[in-house]
Amino acid sequence: MRKLEQLYEGKAKKVFRTDDPKKLIVDYKDDATAFNGVKKGQIVGKGVVNNTMSNILFQMLETKGVPTHFVEQLSDRETVVKAVEIVPLEVIVRNVSAGSFAKRYGVEEGIEFDRPSFETSYKNDDLGDPLMCESHALALKIVTEEQLETIKKYALIINDTLKEFFLEKGLKLIDFKIEFGLYDGEIILADEISPDTCRLWDVETNEKMDKDRFRRDLGNVEETYAEVLRRVKGN
């Protein structure tokens, strides 16, 4: 498979066309942004962590019945993925109050929910990725009812699977953001699962082990990303 011209460059990745129209190559960058691009910086080694960790987790989720865009990892930073049409909804699953949830409702961080919460945001940088209720997503024909039900079903399987997996690694899954795409008309998991898109707290200390270290200037950002990958790989 040959890597051809660049199709797109986002905040965290570059995407390249290949000589197979149904496959793309994703190249993960070290660039870091927060607060819808207001804060910018670099986290050295982040691209390697996010690429490798995503691929490990995607392959695990495939065994749980969640179809993903993963095809093959080419290098530390590059992966072949299926050429999906991204559904412009960011799906957020929360197990514990943190981040924007705590700020929005004026509650402290760390409240454990009896059941996971499910929310969606409209994936649109110009609008700041606003929260979007399910009926609005249906009204704007962003998804069909069947697709939305499939997304919710997969999101809860992903949550259950990741909670158990991370707990074995000494990490508590606080919340996470995922994206889905259409491939041959079917909903499949796309994008990434990484410290950029998950909140992970150390089980024993509640130390933040994710992008909040960058957002909140907590320090040891590169070391924390590397430690998360070390635990995920079981080293």
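No experiment lies behind these values; they were computed from the predicted model shown.

One way to put it is that helix H1 (residues 46-63) packs onto helix H4 (residues 145-168) with a least axis distance of 11 Å and a crossing angle of 120 degrees. Put simply, H1 runs oblique to H4. H4 is crossed by H1, and the crossing has right-handed handedness. Where H1 approaches H4, its residues Met53, Leu57, Met60 and Leu61 are matched on the opposing element by Ile158, Thr161, Leu162, Phe165 and Phe166.

A few words now on the pattern of salt bridges. Considering all chains together, one arrives at 32 salt bridges under this definition. Where Arg215 meets Asp212, a salt bridge forms, and the shortest distance between an N and an O atom there is 2.6 Å. Of this pair, Arg215 and Asp212 both sit in helix H5 (residues 212-215), three residues apart, which is roughly one turn of the helix. The buried category is assigned to Asp212, whose relative accessible area is 0%. With a shortest N-O distance of 2.7 Å, Glu227 and Arg230 are connected by a salt bridge. Of this pair, Glu227 and Arg230 are both found in helix H6 (residues 221-233), three residues apart, which corresponds to roughly one turn of the helix.

Okay, a nonpolar patch on the surface next. Taken together, the side chains of Tyr105, Val107 and Ile111 make up a nonpolar region of the molecular surface, amounting to roughly 250 Å² of accessible area. Tracing the backbone through its elements, the reader meets Tyr105 in helix H2 (residues 99-105).

Our focus in this paragraph is the nonpolar core. Ranked by size, the top nonpolar core spans 44 residues in total, and within it Ile158, Phe166, Ile178, Phe180, Leu189, Ile193 and Leu200 carry the most contacts. Sorting the residues of this core by element identifies strand S4 (31-34), H1, strand S8 (85-96), H4, strand S10 (171-183), strand S11 (186-190), strand S12 (198-202) and H6 as the ones contributing at least two each. At eight residues, the largest contribution of residues to this core is made by H4. If we ignore the near neighbours within four places in the chain, the residues touching Phe166 are Met53, Leu57, Leu171, Leu173, Leu200 and Val232.

With that settled, the discussion passes to the sheet that holds strand S1 (residues 3-9). What holds strands together in a sheet is hydrogen bonding between their backbones, with the strands either parallel or antiparallel. Strands sit in the order S1-S2-S3-S7-S6 across an open sheet of five strands; the sheet is antiparallel. Each end of this open sheet is capped by a strand with a single partner; those strands are S1 and strand S6 (70-73). Strand after strand, the sheet turns through a mean of 30 degrees between neighbouring axes, direction not considered. Both strand S2 (residues 13-18) and strand S3 (residues 23-28) contribute to a ladder of five bridges, which runs antiparallel. Across the sheet, the residue bridging to Val15 is Val26, located in S3.

The backbone of Asp191 shows a phi angle near 60 degrees, a positive value even though the residue is not glycine. Judged by relative accessible area, which is 15%, Asp191 ranks as buried. The residue Asp217 is not glycine, and still its phi comes out positive at about 55 degrees.

Compared with an ideal rise of 1.5 Å per residue, which puts 18 residues at 26 Å, H1 spans 26 Å between its outermost C-alpha atoms and is within 8% of the ideal. Within H1, 13 of the 18 residues are buried, which leaves the element mostly enclosed by the surrounding structure. Taken from the residues just after H1, Gly65 is the one with a positive phi, measuring 90 degrees.

The next subject is the packing of H1 against H6. Running from amino to carboxyl end, H1 crosses H6 at an angle of 25 degrees, the nearest separation of the two axes being 10 Å. With respect to their mutual orientation, H1 and H6 come out roughly parallel. Here H1 runs over H6; the crossing is left-handed. Where H1 abuts H6, its residues Lys46, Val49, Asn50, Thr52, Met53 and Ile56 lie against Tyr225, Ala226, Val228, Leu229, Val232 and Lys233. Residues belonging to the contact of H1 with H6 are distributed by class as follows: eight nonpolar, two polar and two charged.

The rules we used
- Residues numbered from 1 in each chain as written.
- Predicted model: local features only at pLDDT ≥ 70, side-chain atom pairs only at ≥ 80, totals over all residues.
- Heavy atoms only, no water.
- Axes fitted to C-alpha atoms, helices over the stretch in contact; angles between N-to-C directions.
- Helix = DSSP H or I, 4+ residues; strand = E, 2+ residues; numbered from the N terminus.
- Parallel < 35°, antiparallel > 145°, perpendicular 65-115°, else oblique.
- Left-handed = near helix turned anticlockwise from the far one by under 90°.
- Contact = heavy atoms within 4.5 Å.
- Salt bridge = Lys/Arg side-chain N within 4 Å of Asp/Glu carboxyl O.
- Buried < 20%, exposed > 50% of the residue type's maximum accessible area, 1.4 Å probe, protein only.
- Patch = residues over 30% accessible without salt bridge, like charges linked within 9 Å, V, L, I, M, F, W, Y side chains within 5 Å.
- Areas by Shrake-Rupley, 256 points an atom, 1.4 Å probe, with all protein chains shown as cover.
- Core = buried A, V, L, I, M, F, W, Y, C linked by side-chain atoms within 4.5 Å.
- Pairing = 2+ DSSP bridges.
- Expected span 1.5 Å × (residues − 1).
- Nonpolar A, V, L, I, M, F, W, Y, C, P; charged D, E, K, R; others polar.

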